Amino acid sequence: MAGRNFLFVPGPTNVPERIQRAMMVSMEDHRSPRFPQLTHTIMAGLREVFRTQAGTPFIFPSSGTGCWEAALTNTLSPGDKVLAARFGQFSHLWIDMCERLGLDVQIVECEWGTGVPLQQYEDILKADTQHQIKAVLVCHNETATGVTSDIAGVREALDEAAHPALLFVDCVSSLGCIDFRFDDWRIDMAVSGSQKGLMLPAGLGILCASPKALAMYPSSKLKRAYFDLPDMIQSNATGYFPYTPALPLMYGLIESLKMISEEGLDNVIARHHYLAEGVRAAVTQGWQLKLCAKEKRWHSDTVSAVMLPEGIAGTEVIARAYQRYNLSLGGGLSKVAGKLFRIGHLGDMNEIHLMAAINGAEMAMLDCGVKVQPGSGAAAAGHYWRTHEAPSGLCAVPKPQGTHSGTSSTNPALAAS
Ligand SMILES: *Cc1c(COP(=O)(O)O)cnc(C)c1O
């Protein structure tokens, strides 16, 4: 097939050539004296992306799902009560895991397309005067519906209720894309993975734990072995791992952290917002279609879920895009299966790359009988991008010194060269 495949599923995302090259390494001895430098560089870089000094980052050879399990099993005991809201496939799957592990989940059912219900969380926490709830779970960016929730608001709800529960956040599709503040929001466990905003292949589960979360270990009675944090802490302290680490991914991660540091984390976040605004203009102003996210405050800067008109099968649009135009769009999952398609706009991305998704999705929709105005998506996105100032990461020629607003790295191994 001629030309490239255009990958717009919201994970795995496009791996920049720079990172691909960094991963082309010969295997080496992971017990060598040289190895700890690699580990320490990664941990320092992850602290910057999580925006934490107090937290301890971990990497596991797993996907993000593994770190959901690590977060739960290292802190909680069978029968412990946890509070969680279900508003999409990923928040659902984490709840499902809690139940399988024998936790007692108080589930708040929410309409898909909405985010974490802050007032309800606060009311439930205030009513729990005996402090039965041991952890509050939130999916920061629900990738199935394109909804971002207010984590600072959840922290406020906990504070308002003066509730001591741990705060666990899934940031798999938000870390390194959408503002995320481990220390400021006093998060206890943050769960992520390598194949979304960090622009790597799948294969690393990434976790960050607060001192308060780590202090739960001695009293926590859930079974764990592979995901045991004290094993990891002990080895990591010397720069090593309790088992064979995923070496190429570690080299890739260093390159990814370097790229984020060079652009500046704040600029990376601004770029995701600017690109997402263009996509949303294409969807709502150009195509006159609706996003799955019900309100502006929930709009995700990493993925847009586009609702299709009644009578149009989302699966057909996605199949047409792939088979005819070599464009991979995300499908609707579970409750929203067939009703929407998703455009992932996270990671290594710019305006013109996104134009491929907008034009390709538009052609596939037209082919499948959706009555959108031809060219309207690109016109609306292009208008947005041309009339708003581009974040510096999108300009091939860097802006002059002084206008750079990024937070540059304090880690010399990652500093811009
Ligand atoms: C992708 C994703 C996951 C699952 O991560 P895996 O790496 O596939 O295990 C969990 N939560 C969210 C929000 C995701 O987007």
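Computed from a predicted model, the values in this text were never measured in an experiment. (Residues numbered from 1 in each chain as written. Predicted model: local features only at pLDDT ≥ 70, side-chain atom pairs only at ≥ 80, totals over all residues. Heavy atoms only, no water.)

Trainee: How do you make sense of the sheet that holds strand β10 (residues 205–209) when you look at a structure like this?
Mentor: Sheet strands pair by backbone hydrogen bonding; their relative direction is either parallel or antiparallel. Read from one edge of the open sheet, seven strands run β2-β10-β9-β8-β5-β3-β4, paired in mixed fashion. Lying at the two open borders of the sheet, with one neighbouring strand each, are β2 (56–60) and β4 (104–109). Strand-to-strand twist of the sheet, defined as the mean angle between neighbouring strand axes without regard to direction, takes the value 20°. In this fold helix α3 (residues 64–73) packs onto β2, β5 (133–139), β8 (166–170), β9 (189–193) and β10, with an angle of close to 165° to the strand it touches most, β9. Most of the contacts of helix α8 (residues 229–237) go to β2, to which it runs at about 100°, and overall it touches β2, β9 and β10. (Pairing = 2+ DSSP bridges. Helix = DSSP H or I, 4+ residues; strand = E, 2+ residues; numbered from the N terminus. Axes fitted to C-alpha atoms, helices over the stretch in contact; angles between N-to-C directions. Contact = heavy atoms within 4.5 Å.)

Trainee: Explain the pairing of β5 to me, please; I cannot follow it from the model alone.
Mentor: Regular strands have side chains that alternate between both faces of the sheet. The buried count for β5 comes to six of seven residues, which makes it a mostly enclosed element. With four bridges joining them, strand β3 (residues 81–86) and β5 adopt parallel strand pairing. Following the sheet pairing, V82 is matched in β5 by A135. (Buried < 20%, exposed > 50% of the residue type's maximum accessible area, 1.4 Å probe, protein only.)

Trainee: Can you walk me through the nonpolar core in this structure?
Mentor: The nonpolar side chains of a soluble globular protein tend to be buried with one another. Counting 89 residues, the largest nonpolar core has F50, F60, V136, F168, F180 and L207 as the members making the most contacts within it. Take this core: its biggest share by element is nine residues, from helix α9 (residues 247–263). Residue contributions to this core reach at least three from each of two domains, namely domain 1 (17–261) and domain 2 (264–416). Once residues within four sequence positions are removed from consideration, F60 is found in contact with C67, A70, G203, L204, G205, L207, Y226, F227, L229, M232 and Y243. Ranked by size, the runner-up nonpolar core spans 38 residues in total, among them F341, M349, I358 and C368. (Core = buried A, V, L, I, M, F, W, Y, C linked by side-chain atoms within 4.5 Å. Domains from an automatic or database assignment.)

Trainee: What should I look at first to understand the site of the ligand in this one?
Mentor: Around the ligand, 13 residues are found, and the nearest of them are S63, T65, T143, D170 and K196. One nitrogen or oxygen atom from the side chain of D170 is found 2.7 Å from a nitrogen atom belonging to the ligand. Notes on the ligand: free accessible area 380 Å², of which the protein chains cover 89%. Of the residues forming the shell around the ligand, the biggest block, three residues, is contributed by α3. Looking at the shell around the ligand, its residues break down into four nonpolar, seven polar and two charged. (Near = heavy atom within 4 Å. Polar contact = N/O pair within 3.5 Å; in protein donor to acceptor, adjacent residues only side chain to side chain. Areas by Shrake-Rupley, 256 points an atom, 1.4 Å probe, with all protein chains shown as cover. Nonpolar A, V, L, I, M, F, W, Y, C, P; charged D, E, K, R; others polar.)

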